[in-house]
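Okay, here's what each chain looks like letter by letter:
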Amino acid sequence: MNHNHPQTPRSFGEREIDIPVKEKAFTENRHQLHDGLGFGQYMVAGSIAGMVEHMAMFPVDTLKTRMQVLASAGGSIHSALSTAFTSIMKSEGLLGLYKGIGAMGLGAGPAHAAYFAIYEFCKEQFGGNQAGHHPVAHGAAGVLATVASDAVFTPMDVVKQRLQLRNSPYGGVTDCIQKMVREEGIGAFYASYRTTVVMNAPFTAVHFATYEAVKKVLMDMPVGRASEEKLIVHVAAGGAAGALAGAVTTPLDVVKTRLQCQGVNGAERFSSSSIGNALQKIVAKEGPGALLKGLKPRVLFHTPAAAISWSTYEAGKKFLQHFNDSQVN
């Protein structure tokens, strides 16, 4: 062994590598190392992934919001996805599909930075990077990640959905924030937080567990082994995870949308942020079918959105890994 450069073993995903002592100082400066990246670098990759995902799929998100809100309160007067889309294009033009995108931009970046960074950290701590399949570790890491992420994103999500409504009474992001603070108080920004967490916890658990499972299956196939983690693997795994998770949690998403838009354009107000109370009122007034409003656009959103997000995230990780290697060398 070269005594000038003794070797120190270091975990690298599921492999063991040797890091020379002269490189150890560089790696020790990172908070946590998984896949060769630090905590902050996961935040960068996650932030970019979130921005790309939500910006690309924003028109579908607008359709979902409109279809989940009663027509009398600014929702869509059409129940068919294609008809709702045509109606917006005719009456509001292309820009009608992008109302509230500014709020999305302000919220998605920071929220996804927290989302992916915490997920990677917890996955490592829970043993999710060890050899074999660990759906519980992946799911638990995902749940903790979404609780933190939702705390960051929920206020801007409320603003976004209110701006997405037909004939929204707000002139923009700033106007919406000011009026909400003045008329409803700070608490209005978090009226749906409990519902969001209850919805996103199972959503994220299903999403991450499905993603990791499908990715593992695909990685064991020739297409996956050909170039370690090919784009098609992340697109397929992310798409499958998004579709399943999105469909399962649609009823809670309807409740979340109603809570976030309550009082706007005469929309019904709820006596509390209780999920049970909201569910009972919606079913009593509109029937159980109301809880599946927006199912098609939600699945249509989350299937490509998850694929876009995961493929962008993995590409960002790969870029940062190469950057780290170049700094060492």
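Residues numbered from 1 in each chain as written. Predicted model: local features only at pLDDT ≥ 70, side-chain atom pairs only at ≥ 80, totals over all residues. Heavy atoms only, no water.

Focus: the overall build of the protein chain
From N to C terminus, the protein chain includes 13 helices and two strands. Partitioning the intrachain contacts of the protein chain with sequence separation of at least 6 by distance along the chain shows that 70% fall at a separation of at least 24. When the accessible surface of the protein chain is totalled, it reaches about 14,800 Å², and 63% of it is carbon and sulfur. (Helix = DSSP H or I, 4+ residues; strand = E, 2+ residues; numbered from the N terminus. Contact = heavy atoms within 4.5 Å. Areas by Shrake-Rupley, 256 points an atom, 1.4 Å probe, with all protein chains shown as cover.)

Here's the deal with a nonpolar patch on the surface
Residues Phe85, Met89, Leu94 and Tyr98 make up a contiguous nonpolar surface patch of roughly 350 Å² in combined accessible area. Among the structural elements, Tyr98 can be located in the loop between α4 (81-92) and α5 (101-125). (Patch = residues over 30% accessible without salt bridge, like charges linked within 9 Å, V, L, I, M, F, W, Y side chains within 5 Å. Salt bridge = Lys/Arg side-chain N within 4 Å of Asp/Glu carboxyl O.)

Section: unusual backbone geometry
If you check the backbone angles, Asn167 has positive phi at about 55 degrees while not being a glycine. Position of Asn167 relative to the elements: it lies in the loop between α6 (135-164) and α7 (173-183). At Asn265, a position not held by glycine, the phi torsion is positive, near 55 degrees. Residue classification places Asn265 among the partly exposed positions, given a relative accessible area of 28%. (Buried < 20%, exposed > 50% of the residue type's maximum accessible area, 1.4 Å probe, protein only.)

Notes on the nonpolar core
The biggest cluster of nonpolar side chains holds 18 residues, and the ones touching the most others in it are Phe116, Tyr119, Trp310 and Tyr313. Put simply, the parts of the chain that give this core at least two residues each are α2 (39-56), α5, α6, α8 (193-219), α10 (231-248) and α13 (295-328). Residues contacting Tyr313, with those up to four places away along its chain left out, are Tyr42, Ala45, Gly46, Ala49, Phe116 and Glu120. Counting residues in hydrophobic clusters, the runner-up holds 17 residues, among them Ala103, Tyr170, Cys176 and Phe189. (Core = buried A, V, L, I, M, F, W, Y, C linked by side-chain atoms within 4.5 Å.)

What to know about the pattern of salt bridges
Counted according to the given criterion, the structure contains 17 salt bridges. The residue Asp157 makes a salt bridge to Lys256 at a minimum N-O spacing of 2.9 Å. In this pair, Asp157 sits in helix α6 while Lys256 sits in helix α11 (residues 250-260), placing the two residues 99 residues apart along the sequence. When salt bridges that share partners are traced, they join Asp61, Lys64, Asp157, Lys160, Asp253, Lys256 and Arg298 into one network.

Quick look at the packing of aromatic side chains
Tallied over the entire structure, the rule returns four aromatic pairs. With centroids separated by 6.3 Å and ring planes inclined at 15 degrees, the aromatic side chains of Phe58 and Tyr98 adopt a geometry described as stacked. Within this pair, whereas Phe58 is found in helix α3 (residues 58-68), its partner Tyr98 is found in the loop between α4 and α5, the two being separated by 40 residues in sequence. Look at Tyr98 and you get partly exposed, because its relative accessible area is 31%. These aromatic residues form a ring-pair network of at least three members: Tyr115, Phe116 and Tyr313. (Phe/Tyr/Trp six-rings, centres within 6.5 Å; stacked < 30°, edge-to-face > 60°.)

Describing the packing of α5 against α13
Where α5 meets α13, the axes come as close as 13 Å, and the angle between the chain directions of the two elements is 70 degrees. Judged on the interaxial angle alone, α13 and α5 are roughly perpendicular. Two packed elements cross with a definite hand, and for α5 against α13 that hand is right-handed. Across the interface between the two elements, Phe116, Tyr119 and Glu120 from α5 touch Ser309, Trp310, Tyr313 and Lys317 from α13. Taken together, the residues that form the contact of α5 with α13 break down as four nonpolar, one polar and two charged. (Axes fitted to C-alpha atoms, helices over the stretch in contact; angles between N-to-C directions. Parallel < 35°, antiparallel > 145°, perpendicular 65-115°, else oblique. Left-handed = near helix turned anticlockwise from the far one by under 90°. Nonpolar A, V, L, I, M, F, W, Y, C, P; charged D, E, K, R; others polar.)

A look at the state of the cysteines
All told, the structure shown has zero disulfides when counted by the stated rule. Here Cys261 stays free of any disulfide, with the sulfur of Cys176 as its closest cysteine sulfur at 9.3 Å. Take Cys261: its relative accessible area is 2%, and that puts it in the buried class. (Disulfide = S-S within 2.5 Å.)

As for the confidence of the model for the protein chain
Where the model shows low pLDDT, its predicted coordinates should not be examined in detail. The share of residues in the protein chain with pLDDT of 70 or more is 86%, and the mean pLDDT across the chain is 82. Confidence, read as mean pLDDT per element, is least for strand β1 (residues 7-12) in the protein chain (41) and greatest for α7 (96). Confidence drops under a pLDDT of 50 for residues 19-34, and excluding neighbours within four residues, the segment shows 37 contacts in the predicted structure. (pLDDT = per-residue confidence, 0-100.)

Some details on α2
The terminal C-alpha atoms of α2 lie 26 Å apart, and with 18 residues this matches the ideal 26 Å at 1.5 Å per residue to within 8%. Listed in full, the buried residues belonging to α2 are Gln41, Tyr42, Ala45, Gly46, Ala49, Gly50, Glu53 and His54. For α2, the secondary structure elements touched by its buried residues are α3, α5 and α13. (Expected span 1.5 Å × (residues − 1).)

A short note on the side chain of Thr249
Along the chain, the position of Thr249 falls in the loop between α10 and α11. Accessibility expressed as a relative area gives 3% for Thr249, which makes it buried. A distance of 2.8 Å separates the side chain of Thr249 from the backbone oxygen of Ala245, its partner in a polar contact. Ignoring sequence-local partners within four residues, the contact set of Thr249 consists of Met199, Pro202, Phe203 and Arg298. (Polar contact = N/O pair within 3.5 Å; in protein donor to acceptor, adjacent residues only side chain to side chain.)

Here's the deal with the packing of α2 against α5
One way to put it is that α2 packs onto α5 with a least axis distance of 6 Å and a crossing angle of 140 degrees. In this view, α2 runs oblique relative to α5, as classed from their interaxial angle. α2 and α5 meet at a crossing whose hand is right-handed. Of the residues in α5, those in contact with Phe39, Tyr42, Met43, Gly46, Ser47, Ala49, Gly50, Met51, Glu53, His54 and Met55 of α2 are Ile101, Met104, Gly105, Ala108, Gly109, His112, Ala113, Phe116, Ala117, Ile118, Glu120 and Phe121. Residues that form the contact of α2 with α5 fall into these classes: 14 nonpolar, seven polar and two charged.

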